[in-house]
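# Structure at a glance
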Amino acid sequence: MVLELYLDLLSQPCRAVYIFAKKNNIPFMMKPVEMLKGQHFTEEFNKVNILRKVPVLKDGDFILEESTAILLYLTRKYNTPSYWYPPDMKKRARVDEYLAWQISTIRAGTSKILWLKVRPLPPLLTGHQVSPEKLYEAMEELNLAIQKLEDKFLQEKPFLIGPEISLADLVAIVELMQVSPPPSTANSPAPQGRDLVAQRVELTLGKELFMEAWLPMILAPSPFPYCLAHLKQGRHWDNSAWPHYIAIFIRGF
């Protein structure tokens, strides 16, 4: 039976699973779940995942949730190249360390900025406009977290764990994609630190696959948070749909 992956590529964890499966030529059937349309709250999806979140892996009658668990399951079942999750105990522990650390730092930071950048949403929830100072503070928090990523994990290495890409790099890059364009589209003539490792990850994964995973964010309907102004320049923004999406955002992320 073909492996099934329930994904929404507007989600960072879903993109990590998608990129990993595609890069490693893992045969799977993609089951799109459009969270903007509330499809993760349908009765049909509830039969697959009562937590009503993506990504979800379905392998026959075996169902697995949570992106990290799914990535590790795929590495083991399909015997993917060892650099993704090194057999060396200490290197593997470093991957585990990053995957645990980034949840409350990098992922929390990118998610917070995205919520604050969507100007119509906070006033609808709180009755107050988000101040530029609050957005600046959130960006500073994320910058501090990324600086710790560089100082603690990257240091002078080509990738976060060592000379080769790992699951840590993949998870890191899909988060940074939320607030930055792909490295190949950035105007940085001499990238360093985080930008340099991002370029290396993109090069290793392949630009075509990288852009394939990133494109849905560019084409997303205007109410969705993945809507950086420099990507949407010149497009009409219709905010009338915001009330319809508030409940979906609150329950789905």
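In this text the structure is predicted, and so the values were computed from the model without any measurement.

## With respect to the overall build of the protein chain
- Helix and strand content of the protein chain: twelve helices and four strands.
- Residues classed as buried in the protein chain amount to 47% of the 253 residues present.
- Accessible area of the protein chain: about 13,300 Å², with a carbon and sulfur share of 55%.

## A few points about helix α3 (residues 67-77)
- The set of residues buried in α3 consists of S67, I70, L71, L72, L74 and T75.
- N79 sits one or two residues past α3 and shows a positive phi near 50°.

## Quick look at the environment of I106
- The topology assignment puts I106 in helix α5 (residues 106-117).
- Spatially, the C-alpha atoms of I106 and L144 are 9.5 Å apart, while their sequence positions differ by 38 residues.
- Non-local contacts of I106, meaning those with residues more than four positions away in its chain, are made with Y98, W101, L142, A145, I146, L149 and E175.

## So, the nonpolar core
- One finds Y98, L160 and L170 to be the most contacted residues of the largest nonpolar core, which totals 63 residues.
- The element contributing the most residues to this core is helix α8 (residues 167-176), with eight residues.
- Beyond its immediate sequence surroundings of up to four residues, L170 is in contact with A16, I19, F20, L71, W84 and L205.

## Quick notes on the packing of aromatic side chains
- On inspection of all chains with the given rule, the structure shows eight aromatic pairs.
- With 5.6 Å between their ring centres and 45° between their planes, Y83 and W84 make a pair best called tilted.
- When its relative accessible area of 1% is taken as the criterion, W84 is described as buried.
- Aromatic ring contacts, followed pair by pair, group F20, Y83 and W84 into a single cluster.
- The cationic tip of K152 hangs over the ring face of F153; the distance from NZ or CZ to the ring centre is 5.8 Å.

## Description of the sheet that holds strand β4 (residues 62-65)
- In space, the four strands of this open sheet follow the order β2-β1-β3-β4, with mixed pairing throughout. Since the sheet does not close on itself, it has two edges, and those belong to β2 (28-32) and β4, each with one partner. Here the average twist between neighbouring strands, direction ignored, is 20°.
- Of the strands in this sheet, β1 (3-7) and β2 touch helix α1 (residues 12-23), which is tilted by about 145° from β1.
- Where α3 meets the sheet, it contacts β1, β3 (56-59) and β4, and its direction lies at approximately 130° from that of β4.

## Quick look at the side chain of D59
- You can see D59 is positioned in strand β3.
- Residue class for D59 comes out buried when judged on its relative accessible area of 13%.
- Side chain to side chain, D59 and K77 meet in a polar contact 2.4 Å long.
- Filtering out sequence-adjacent residues up to four positions away, D59 remains in contact with L3, Y73 and K77.

## A closer look at the packing of α1 against α3
- Interhelical geometry of α1 versus α3 gives an angle of 10° and a closest axis separation of 9 Å. By the angle between their directions, the pair α1 and α3 is classed as roughly parallel. Residues P13, A16, V17 and F20 of α1 pack against S67, I70, L71, L74 and T75 of α3.
- Split by residue class, the contact of α1 with α3 holds seven nonpolar, two polar and no charged.

## Describing empty space enclosed by the protein
- Tallied over the full model, the rule gives two cavities of 30 Å³ or more.
- Lining the largest cavity, in full, are L149, L160, D169, A172, I173, L176, V197 and V201.
- Mapped onto the lining of the largest cavity, the elements with two or more residues apiece are α8 and α9 (193-205).
- For the lining of the largest cavity, the element with the highest residue contribution is α8, accounting for four residues.
- In terms of residue class, the lining of the largest cavity is made up of seven nonpolar, no polar and one charged.

## A few points about the pattern of salt bridges
- Using the criterion set out here, one finds five salt bridges in the structure.
- Across the salt bridge formed by R94 and E97, the nearest N and O atoms sit 2.8 Å from each other. Of the two residues, R94 and E97 are both situated in helix α4 (residues 89-101); the distance of three residues between them amounts to about one turn of the helix.
- Given a relative accessible area of 43%, R94 falls into the partly exposed group.
- Through salt bridges that share partners, R94, E97 and K152 make up one connected network.

Cut-offs applied
- Residues numbered from 1 in each chain as written.
- Predicted model: local features only at pLDDT ≥ 70, side-chain atom pairs only at ≥ 80, totals over all residues.
- Heavy atoms only, no water.
- Helix = DSSP H or I, 4+ residues; strand = E, 2+ residues; numbered from the N terminus.
- Buried < 20%, exposed > 50% of the residue type's maximum accessible area, 1.4 Å probe, protein only.
- Areas by Shrake-Rupley, 256 points an atom, 1.4 Å probe, with all protein chains shown as cover.
- Contact = heavy atoms within 4.5 Å.
- Core = buried A, V, L, I, M, F, W, Y, C linked by side-chain atoms within 4.5 Å.
- Phe/Tyr/Trp six-rings, centres within 6.5 Å; stacked < 30°, edge-to-face > 60°.
- Lys NZ or Arg CZ within 6 Å of the ring centre and 35° of its normal.
- Pairing = 2+ DSSP bridges.
- Axes fitted to C-alpha atoms, helices over the stretch in contact; angles between N-to-C directions.
- Polar contact = N/O pair within 3.5 Å; in protein donor to acceptor, adjacent residues only side chain to side chain.
- Parallel < 35°, antiparallel > 145°, perpendicular 65-115°, else oblique.
- Nonpolar A, V, L, I, M, F, W, Y, C, P; charged D, E, K, R; others polar.
- 1 Å grid on protein atoms, 1.4 Å probe; cavity = no way out; pocket = protein on both sides within 12 Å on 5 of 7 lines; lining within 4 Å.
- Points joined across faces, edges and corners; volume = space filled by probe spheres on them.
- Salt bridge = Lys/Arg side-chain N within 4 Å of Asp/Glu carboxyl O.

Purely geometric stuff here, so don't read any function into it on its own.
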